[in-house]
Amino acid sequence: MAIQISPSILNADFAHLADEAAAVPTADWLHIDVMDGHFVPNLTLGLPIVESLSKATPTPLDCHLMIEDPDRWAPAYAEAGAGSVTIHAKAAGAPVRTLREIRKRGARAGLALNPAEPVDPYVDLIGEMDMLLLMTVEPGFGGQKFLDLVLPKIRRAREILDDRESSVWLQVDGGVSDETIERAAEAGADVFVAGSAVYGAQDPAGAVESLRAQARKAGGRD
């Protein structure tokens, strides 16, 4: 799988989101954390921002729904212009139906697991998803430290996907930086969400390319 970098606009300047999107022209995705103040204790962006930003940038939007009742809301994010919509397994009441509804509306469908959630119970759902997201922090806030305890789970997920010859992407989100991306890439991740490591840098575009180069080298994809 090709290495992909998805800068998180949670760490961008909300007053100038179109400009912040333009600041990372080689990013593969723009990661949008949607939080409802219920599933996680933070409150962030919603459908109107996704719809507006999708028209303001050519970079596809990677929407990560940290919300209650994603079965109800996820399809609308695909309709609003998201190129990828990820729901949390813990929050979904009907994950198979919801993943299929996301795909039906033309977006890639992702399933997210929190740090303490094992991968194996969801093996049978691999055929229903386009991406598996393993949280490397507890969801809800940016700026947290990468949890190395998730590395064995990343390796397990990569083993499962490779054994099945699956094309599902393996994404990690949380604490990804120039100090941690190599460990995650070596473990088998291929899509990396990076917030402060990109938007906290003096040169966000350069940070994207530096992270990509590190992940390629560590993952043996040079």
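A few points on the structure. From a predicted model like this one, the values you see are computed outputs, not experimental measurements.

**Things to note about helix H4 (residues 95-104)**
- Burial in H4 covers these residues: Pro95, Thr98, Leu99 and Ile102. Across the axial projection of H4, the buried residues extend over an arc of 100°, all falling on one side. Structural note: H4 exposes Arg97 and Lys104 on the side pointing more than 90 degrees away from its buried face.
- Lining the buried residues of H4 we find helix H3 (70-79), strand E4 (84-88) and strand E5 (108-113).

**Let's talk about the side chain of Gln214**
- Here Gln214 is to be found in helix H8 (residues 204-218).
- Judged by its relative accessible area of 16%, Gln214 falls in the buried class.
- Reaching out from Gln214, the side chain makes a polar contact with the side chain of Glu182 at a distance of 3.1 Å.
- Excluding anything up to four places from it in sequence, Gln214 contacts Asp178, Ile181 and Glu182.

**Some points on the sheet that holds strand E8 (residues 191-194)**
- The strand order E1-E8-E7-E6-E5-E4-E3-E2 describes an open sheet built from 8 strands, whose pairing is parallel. Two strands close off the open sheet at either side, each with one partner strand: strand E1 (4-7) and strand E2 (30-35). Strand-to-strand twist of the sheet, defined as the mean angle between neighbouring strand axes without regard to direction, takes the value 25°.
- In this sheet, strand E6 (residues 131-135) lies alongside E5 in parallel orientation, the contact comprising 4 bridges. Note that in E6 the partner of Leu111 across the bridge is Leu132.
- The strands touched by helix H2 (residues 47-56) are E2 and strand E3 (61-66); relative to E3, the strand with the most contacts, the crossing angle is about 170°.
- Sheet strands in contact with H3 are E2, E3 and E4, and its direction is about 170° off that of E4.

**Quick word on the side chain of Asn114**
- By the secondary structure assignment, Asn114 is in the loop between E5 and E6.
- With residues up to four places along the chain from it excluded, the contact list for Asn114 reads His88, Lys90, Met135, Pro139 and Lys153.

**Examining the pattern of salt bridges**
- Applying the stated rule across the entire model yields 13 salt bridges.
- The partner of Asp124 in a salt bridge is Arg164, with the nearest N and O atoms 4.0 Å apart. One end of the pair, Asp124, is in the loop between E5 and E6; the other, Arg164, is in the loop between helix H5 (151-163) and strand E7 (169-173), with 40 residues separating them in the sequence.
- We classify Asp124 as exposed; its relative accessible area is 68%.
- Judged by its relative accessible area of 45%, Arg164 is partly exposed.

**Points about the environment of Gly200**
- Secondary-structure assignment places Gly200 in the loop between helix H7 (196-199) and H8.
- C-alpha separation for the pair Gly200 and Leu47, spaced 153 residues apart in sequence, amounts to 25 Å.

**Considerations on unusual backbone geometry**
- Its identity is not glycine, yet Asp69 carries a phi of approximately 55°, on the positive side.
- Among the secondary structure elements, Asp69 is positioned in the loop between E3 and H3.
- Its relative accessible area of 36% is what places Asp69 among the partly exposed residues.
- Phi is positive for Glu165, close to 50°, though the residue is something other than glycine.

Rules and cut-offs
- Residues numbered from 1 in each chain as written.
- Predicted model: local features only at pLDDT ≥ 70, side-chain atom pairs only at ≥ 80, totals over all residues.
- Heavy atoms only, no water.
- Buried < 20%, exposed > 50% of the residue type's maximum accessible area, 1.4 Å probe, protein only.
- Helix = DSSP H or I, 4+ residues; strand = E, 2+ residues; numbered from the N terminus.
- Arc of directions from axis to C-beta.
- Contact = heavy atoms within 4.5 Å.
- Polar contact = N/O pair within 3.5 Å; in protein donor to acceptor, adjacent residues only side chain to side chain.
- Pairing = 2+ DSSP bridges.
- Axes fitted to C-alpha atoms, helices over the stretch in contact; angles between N-to-C directions.
- Salt bridge = Lys/Arg side-chain N within 4 Å of Asp/Glu carboxyl O.

These values are about where atoms sit, not about what they do.
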